[in-house]
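Coordinate inspection notes
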Amino acid sequence: MPRAKLTELDGFLTTSSVAELLGLSPYLIKARISDGVLPPATRISEAGVLLFDNAWVTEARVALSSVQRRKRRRSNRGMPPVPSPDQVLGHRMGEARWLPSWHDIVRYFRELDAASPNVHMEELGSSTSGLPYIVVYVASAELLQPETLERNRSLLGRLWDPRRLAPEEYELLVNEARSVGIILATQHSTEIGAALMSLELAHDLATRDDRLTNEIRENTITVIVPSHNPDGVQMVAEWYERWVGTEYEGVDMPWLYHPYTGHDNNRDWYIFSQAETRAVVSQMHNVWHPQIVYDVHQMGPTGARMFVPPWLDPIEPNVDPILAQECNMVGMAMASDLTAAGRKRFRA
């Protein structure tokens, strides 16, 4: 890893420093210089390290702002608006007396993929009963380029066990790699709220133009699994539609909503016996080595509406303590965001 001499750094910033100031990755800084979007580095050290002064940072901010304005104008002129879930499906998410089928959910994500460069949908394979098992990637259009995705997979594949890395190699990989977060929704198919949320979340992450959302798209690849049990989502929707408006509306199905595991499909993470679990492990966990996996569940009508870490003890003894502690850190960040958004009745 090339390093500048201390004497060369006087009055200058490194690529990592300007990347942090501009809200981009070091990789994108270099790429934007190469394609002419950003001006050339102020100077290059004897070892080949790019160095930047404050005037360069000011000029870069102006250039990036101009690019964003041009992108918005092109988007407004040349592309139809990205459709929201209610525009495609004809119902608001969470609307009373309506549930989307799995076919509806897949149809929406196909349309979102076609309409937004910030979304890419893939089929990992088929569910136990033959329905498509889909995964949805949301990030900036640049991060979703096939070669960039492959590069990031490679970087995370080297980072997942840092004991094999020299300290300088570790630092280089951390600076370049983009984090990956997997949201696993609706493992239990009657807990339909997470699947409904996933449609709105994907749309919001793909279309919002505020500072926070732009920062997320530029620095994180959000991977959404709308449901870990497509068969059950379809069964629940069909059963509800059959009885809605009658005296039997809302009664439980008299059969399991997974052909083999029913409500216990989340126990399959120990033995990987089901097609859905094997697809996630072989094509997501062991490929991306994600930094966060958020498994979203839902309580019944008398339970908490939202619940976040810290979770109840005891914690599985094979989980490293730092993972539990940092999970609690994420939970407190979520709690503070909920409070700031006006959810005053929140309790840890």
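Throughout what follows, the structure given in this document is the object of discussion. Predicted model, so just to flag it, every value in this text is computed and none were measured.

**Digging into the pairing of strand β5 (residues 179-185)**
Of all seven residues in β5, six are buried; the element is thus mostly enclosed. When β5 meets strand β6 (residues 220-225), the two strands line up parallel, connected through six bridges. Following the sheet pairing, V180 is matched in β6 by I221. Two elements, β5 and strand β7 (residues 292-296), share five bridges in a ladder whose sense is parallel. By the bridge assignment for β7, I183 is matched with Y294.

**Quick look at the environment of H263**
One can find H263 in the loop between α11 (230-243) and α12 (275-288). By relative accessible area, H263 is classed as partly exposed at 39%. Filtering out sequence-adjacent residues up to four positions away, H263 remains in contact with H188, E191 and Y257. A distance of 2.5 Å separates the side chain of H263 from the side chain of Y257, its partner in a polar contact.

**Comments concerning unusual backbone geometry**
In the segment running from P309 into P310, the intervening peptide bond is cis, with an omega of 10°. Within the fold, P310 resides in the loop between β7 and α13 (321-340). Omega for the bond connecting D313 with P314 falls within 30 degrees of zero, at 0°, which places this linkage in the cis form. Assignment of secondary structure puts P314 in the loop between β7 and α13.

**As for the sheet that holds strand β3 (residues 119-126)**
Pairing is mixed across the open sheet formed by five strands, whose spatial order is β3-β4-β6-β5-β7. Bordering the open sheet on either side are β3 and β7, each of which pairs with just one other strand. With direction set aside, neighbouring strand axes in the sheet form an average angle of 20°.

**Some thoughts on the nonpolar core**
Core analysis: the largest hydrophobic core is formed by 25 residues, its most contacted members being W102, I105, F109, I134, V136, V138 and L199. Sorting the residues of this core by element identifies α5 (85-89), α6 (102-115), β3, β4 (132-138) and α9 (193-207) as the ones contributing at least two each. In terms of nonpolar packing, the next biggest core, distinct from the first, is built from 24 residues, L173, I182, L184 and W288 among them.

**Regarding the packing of helix α7 (residues 146-159) against helix α8 (residues 167-176)**
In the contact formed by α7 and α8, the axes pass within 10 Å of each other and the chain directions differ by 140°. In terms of orientation, α7 and α8 fall into the oblique class. As α7 runs across α8, the sense of the crossing is left-handed. The residues of α8 that touch α7, namely those facing R151, L155, R158 and L159, are E169, Y170, L173, V174 and E176.

Cut-offs applied
- Residues numbered from 1 in each chain as written.
- Predicted model: local features only at pLDDT ≥ 70, side-chain atom pairs only at ≥ 80, totals over all residues.
- Heavy atoms only, no water.
- Buried < 20%, exposed > 50% of the residue type's maximum accessible area, 1.4 Å probe, protein only.
- Helix = DSSP H or I, 4+ residues; strand = E, 2+ residues; numbered from the N terminus.
- Pairing = 2+ DSSP bridges.
- Contact = heavy atoms within 4.5 Å.
- Polar contact = N/O pair within 3.5 Å; in protein donor to acceptor, adjacent residues only side chain to side chain.
- Axes fitted to C-alpha atoms, helices over the stretch in contact; angles between N-to-C directions.
- Core = buried A, V, L, I, M, F, W, Y, C linked by side-chain atoms within 4.5 Å.
- Parallel < 35°, antiparallel > 145°, perpendicular 65-115°, else oblique.
- Left-handed = near helix turned anticlockwise from the far one by under 90°.

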